[in-house]
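Residue-level listing of the chains:
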Amino acid sequence: MDFHALLRLTHITGFAAWFGTIFATLFLLKTLEPGLTGEKKQAEEQSLLLRRFIKLETKVADVAVISVLLSGLMLAHFYEGWHPWVFAKIGLMILQIALTMGYIIKAIQPITYPCEVLRYRAWYRLFAISFSMFGIVLLVTFLLR
């Protein structure tokens, strides 16, 4: 396997892992919603489970994001060149990370459990941001290039 193929494999696998962690979190949060918005005892147990999951998910997502960024930069440097589409993708990745982290700090971290269903919906808005940005990145990468 040559270096170019290895970089592309790393890039695509990292992107898929990052995308997969977002889906896994969405499914877990959808499953835990009745408990986290219900009785205090159940909410305490499930919020502990959620915090453990988020801690592990963050480790996987961090490795995935770093691998996407580093492999993408190496692909641009060694094979693609530094053309406007590369800078557009870099900008979109930075925007996605900034929007996601900003929203987590603003709307997700302050949530305490049990919470009202309307407050819990902040999680779904986070996923709307993430999936929208993934869609835009894929659109730019595959269709507009």
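Residues numbered from 1 in each chain as written. Predicted model: local features only at pLDDT ≥ 70, side-chain atom pairs only at ≥ 80, totals over all residues. Heavy atoms only, no water.

Student: So what exactly am I meant to see when it comes to the overall build of the chain here?
Tutor: Of the regular secondary structure elements, the chain holds 5 helices and 0 strands. In sequence order, the chain lays out its α and β elements as α-α-α-α-α. For the chain, the spread of C-alpha atoms along the principal axes amounts to about 55 × 30 × 20 Å. Across the 145 residues that make up the chain, the buried fraction comes to 34%. Put simply, the chain shows about 8900 Å² of open surface, and 71% of that area lies on carbon and sulfur atoms. For the chain, the separation between the mean place of its 14 positive charges and that of its 9 negative charges on side chains is 3 Å. (Helix = DSSP H or I, 4+ residues; strand = E, 2+ residues; numbered from the N terminus. Buried < 20%, exposed > 50% of the residue type's maximum accessible area, 1.4 Å probe, protein only. Areas by Shrake-Rupley, 256 points an atom, 1.4 Å probe, with all protein chains shown as cover. Lys, Arg positive; Asp, Glu negative; His and termini not counted. Charge placed at Lys NZ, Arg CZ, Asp CG, Glu CD.)

Student: Just checking my understanding: could you explain the environment of Lys 41 for this structure?
Tutor: Examined against the element boundaries, Lys 41 turns out to sit in helix α2 (residues 40-80). Along the sequence, Lys 41 and Leu 7 sit 34 residues apart, while their C-alpha atoms lie 48 Å from each other.

Student: Could you clarify how one ought to interpret the pattern of salt bridges in this entry?
Tutor: A pair can form between side chains of opposite charge whenever their charged atoms are brought close. Across all of its chains, the model carries 3 salt bridges by this definition. The closest approach of N and O atoms between Glu 33 and Lys 30, which form a salt bridge, is 3.5 Å. Linking Glu 33 with Lys 30, this pair stays in helix α1 (residues 3-36), spanning 3 residues, or about one helical turn. One salt bridge connects Glu 33 with Arg 121, and the closest N-O pair in it is separated by 3.6 Å. (Salt bridge = Lys/Arg side-chain N within 4 Å of Asp/Glu carboxyl O.)

Student: It is not clear to me how the UniProt feature "transmembrane region" (unreviewed entry) in the chain should be interpreted in this structure. Could you clarify?
Tutor: Those places that UniProt annotates as "transmembrane region" (unreviewed entry) correspond, in this numbering, to residues 12-32, 60-79, 85-105 and 126-144. Summarising residues 60-79: 100% helix, 0% strand, and an end-to-end C-alpha distance of 27 Å. Taken as a whole, residues 85-105 contains 100% helix and 0% strand, while its terminal C-alpha atoms sit 30 Å from one another. (UniProt positions renumbered as here; feature names shortened; annotations may be inferred.)

Student: Just to check I follow, could you spell out the nonpolar core for this structure?
Tutor: The nonpolar side chains of soluble globular proteins are, as a tendency, buried together. With 31 residues, the main nonpolar core has Trp 18, Leu 50, Tyr 113, Tyr 120 and Trp 123 as its most contacted residues. Of all elements in the fold, only α1, α2, α3 (84-108) and α5 (122-143) reach the threshold of two or more residues within this core. By residue number, the principal contributor to this core is α5, which donates 9 residues. Among all residues touching Leu 50, those that are not within four sequence positions of it are Leu 28, Leu 29, Leu 32, Leu 36, Tyr 113 and Trp 123. (Core = buried A, V, L, I, M, F, W, Y, C linked by side-chain atoms within 4.5 Å. Contact = heavy atoms within 4.5 Å.)

Student: So what exactly am I meant to see when it comes to the packing of aromatic side chains here?
Tutor: Each aromatic ring pair is summarised here by two numbers: the centre-to-centre distance and the angle between the ring planes. With the rule as written, the count across this model stands at 14 aromatic pairs. Arranged with centres 6.5 Å apart and planes meeting at 65°, the rings of Phe 78 and Tyr 79 form a pair that is edge-to-face. Overall, Phe 78 belongs to the partly exposed group, its relative accessible area being 48%. On the accessibility criterion, Tyr 79 (39% relative accessible area) is partly exposed. Considering the side-chain rings of Trp 82 and Phe 87, the 5.8 Å spacing of their centres and the 35° angle between planes classify their relative orientation as tilted. (Phe/Tyr/Trp six-rings, centres within 6.5 Å; stacked < 30°, edge-to-face > 60°.)

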